[in-house]
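Descriptive analysis of the structure
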Amino acid sequence: CCSRYVRDTLVRSGSLPDAAQVLYCGIDPAPFASQTPGQHNGPLRLLYFGSLLPHKGVHTAVEALGLLRERGLSDRVHLTLLGGGHPDYVARLHRLVGDLGLGDSVEFAGRVPRAEVAGRLAEHDVFLFTSIWAEPLARTVMEAMAAGLLVIGSEVGGQTEMLADGENALTFRPEDAATLAEQIARVLAEPALGRRLAEAGRLMALERFTTRRM
């Protein structure tokens, strides 16, 4: 199985024997580790990339920015949503951005070719992993870590086997926009912490979650 979460779930259901093992999946880190982040002195550059679907919890990121706006911090962050999804949910996100007055803080970048993802990651500082459903093990998190981004992620499924709060990432409960906002504010207040966690995440991804290791 690709994570302990998947293994334990299937063993408990009787679908697999107790002897079932875990083989963590991995990525080719070369396209991501070879990118050089650009110099940037503006707002903290937040990125979500993936499908824009309800179970991905992207609305949590937008709601968190709304809470930061209430604290007068919206000019210090910028969120890019990279990807596409169901038209109804995309429309919901657009309405939420408008209702919260975040038009200048959130960019809908749409889909890009797979080959461009590594370069887009290098243009950002923080990857927001917002899933609600128990993902087995997200490749996007591995790629973001390999690219040197700090990951702020929800504690779901196999991700709890990758993300250690305060050690290689910052975490929050799924759909907990208040805690996500607090974690982003923490990075704004403690940039050295963000850099330390990002580097720890990068090293962990390169050690444990590559295709060569798999």
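First, a word on scope: everything that follows refers to the structure included in this document. Predicted model, so just to flag it, every value in this text is computed and none were measured.

Quick notes on the rules
Residues numbered from 1 in each chain as written. Predicted model: local features only at pLDDT ≥ 70, side-chain atom pairs only at ≥ 80, totals over all residues. Heavy atoms only, no water. Buried < 20%, exposed > 50% of the residue type's maximum accessible area, 1.4 Å probe, protein only. Helix = DSSP H or I, 4+ residues; strand = E, 2+ residues; numbered from the N terminus. Contact = heavy atoms within 4.5 Å. Expected span 1.5 Å × (residues − 1). Arc of directions from axis to C-beta. Phe/Tyr/Trp six-rings, centres within 6.5 Å; stacked < 30°, edge-to-face > 60°. Lys NZ or Arg CZ within 6 Å of the ring centre and 35° of its normal. Salt bridge = Lys/Arg side-chain N within 4 Å of Asp/Glu carboxyl O. 1 Å grid on protein atoms, 1.4 Å probe; cavity = no way out; pocket = protein on both sides within 12 Å on 5 of 7 lines; lining within 4 Å. Points joined across faces, edges and corners; volume = space filled by probe spheres on them. Nonpolar A, V, L, I, M, F, W, Y, C, P; charged D, E, K, R; others polar. Axes fitted to C-alpha atoms, helices over the stretch in contact; angles between N-to-C directions. Parallel < 35°, antiparallel > 145°, perpendicular 65-115°, else oblique. Left-handed = near helix turned anticlockwise from the far one by under 90°. Pairing = 2+ DSSP bridges.

Now for helix α6 (residues 139-146). For an α-helix the count is 3.6 residues per turn, leaving residues at separations of three or four pointing the same way. For α6, the buried fraction is high: 6 of the 8 residues fall into the buried class. Of all the residues in α6, the buried ones are Val141, Met142, Glu143, Ala144, Met145 and Ala146. For α6, the elements touching its buried residues are α2 (30-33), β1 (44-49), α5 (117-121), β4 (126-129), β5 (150-154) and α8 (191-208). Gly148 lies just past α6 and shows a positive phi near 90°.

Relative to the 18 Å expected for 13 residues at 1.5 Å per residue, helix α4 (residues 87-99) spans 18 Å between its end C-alpha atoms, a close match to the ideal helical length. For α4, the set of buried residues is Tyr89, Val90, Leu93, Leu96 and Val97. Seen along its axis, α4 keeps its buried residues to an arc of 120°; they face one direction. Counted as exposed and oriented over 90 degrees from the buried face of α4: Pro87, Asp88, Arg95, Gly98 and Asp99. Structurally, α4 contributes buried residues whose contacts are with α3 (58-70) and β3 (106-110). One or two positions beyond α4, positive phi appears at Gly101, with a value near 65°.

The tally for this structure, following the rule as stated, stands at 2 aromatic pairs. With a centroid separation of 5.4 Å and 70° between ring planes, the pair formed by Tyr24 and Phe209 is classed as edge-to-face. Within this pair, whereas Tyr24 is found in the loop between α1 (4-12) and α2, its partner Phe209 is found in the segment after α8, the two being separated by 185 residues in sequence. In terms of burial, Tyr24 and Phe209 fall into one category: buried. Here Phe49 and Phe127 contribute two aromatic rings whose centre-to-centre distance is 5.3 Å and whose plane-to-plane angle is 45°, an arrangement assigned as tilted. Remark: Phe127 occurs in strand β4 and Phe49 occurs in strand β1; sequence separation between them is 78 residues. The two residues Phe49 and Phe127 agree in class, both being buried. When the ring centre of Tyr24 is taken as reference, the NZ or CZ atom of Arg208 above it lies at 5.6 Å.

Here we take up the pattern of salt bridges. Taken as a whole and assessed by the stated rule, the structure comprises 9 salt bridges. Lys56 is paired through a salt bridge with Glu135; the nearest N and O atoms lie 2.9 Å apart. Separated by 79 residues along the polypeptide, Lys56 in the loop between β1 and α3 and Glu135 in the loop between β4 and α6 bring together distant segments of the chain. Each member of the pair, Lys56 together with Glu135, is buried. Within this structure, Arg114, Arg139 and Glu143 form a network of salt bridges that share partners.

On to the layout of surface pockets. Taken as a whole, the second largest pocket spans an internal volume of roughly 240 Å³. Contributing to the lining of the second largest pocket are 16 residues, with Phe49, Gly50, Ser51, Arg114 and Thr140 lying nearest its centre. Sort the elements by how many residues they give to the lining of the second largest pocket and α6 lands first, with 3 residues. Taken together, the residues of the lining of the second largest pocket break down into 5 nonpolar, 5 polar and 6 charged.

Angle between the axes and distance between the axes are the two parameters that describe a pair of packed helices. Where α6 contacts α8, the axes come no closer than 7 Å and their chain directions differ by 120°. When the axis of α6 is compared with that of α8, the two are oblique. Between α6 and α8 lies a crossing of left-handed hand. Residues Met142, Met145 and Ala146 of α6 lie in contact with α8, whose contacting residues are Gly201, Arg202, Met204, Ala205 and Leu206. Here the residues of the contact of α6 with α8 sort into 6 nonpolar, 1 polar and 1 charged.

Reading across from one edge, β3-β2-β1-β4-β5-β6 is the order of the 6 strands in this open sheet, with parallel pairing throughout. This sheet does not close on itself; its edge strands, each paired only once, are β3 and β6 (170-172). Taking each pair of neighbouring strands and ignoring which way they run, the sheet shows an average axis angle of 20°. Sheet analysis places β4 next to β5, joined by 4 bridges and oriented parallel. Looking at the pairing, Phe127 lines up with Val151 of β5. Contacts from α6 reach β1, β4 and β5, with the element oriented near 170° to β4.

Keep in mind these numbers describe shape, not what the thing actually does.
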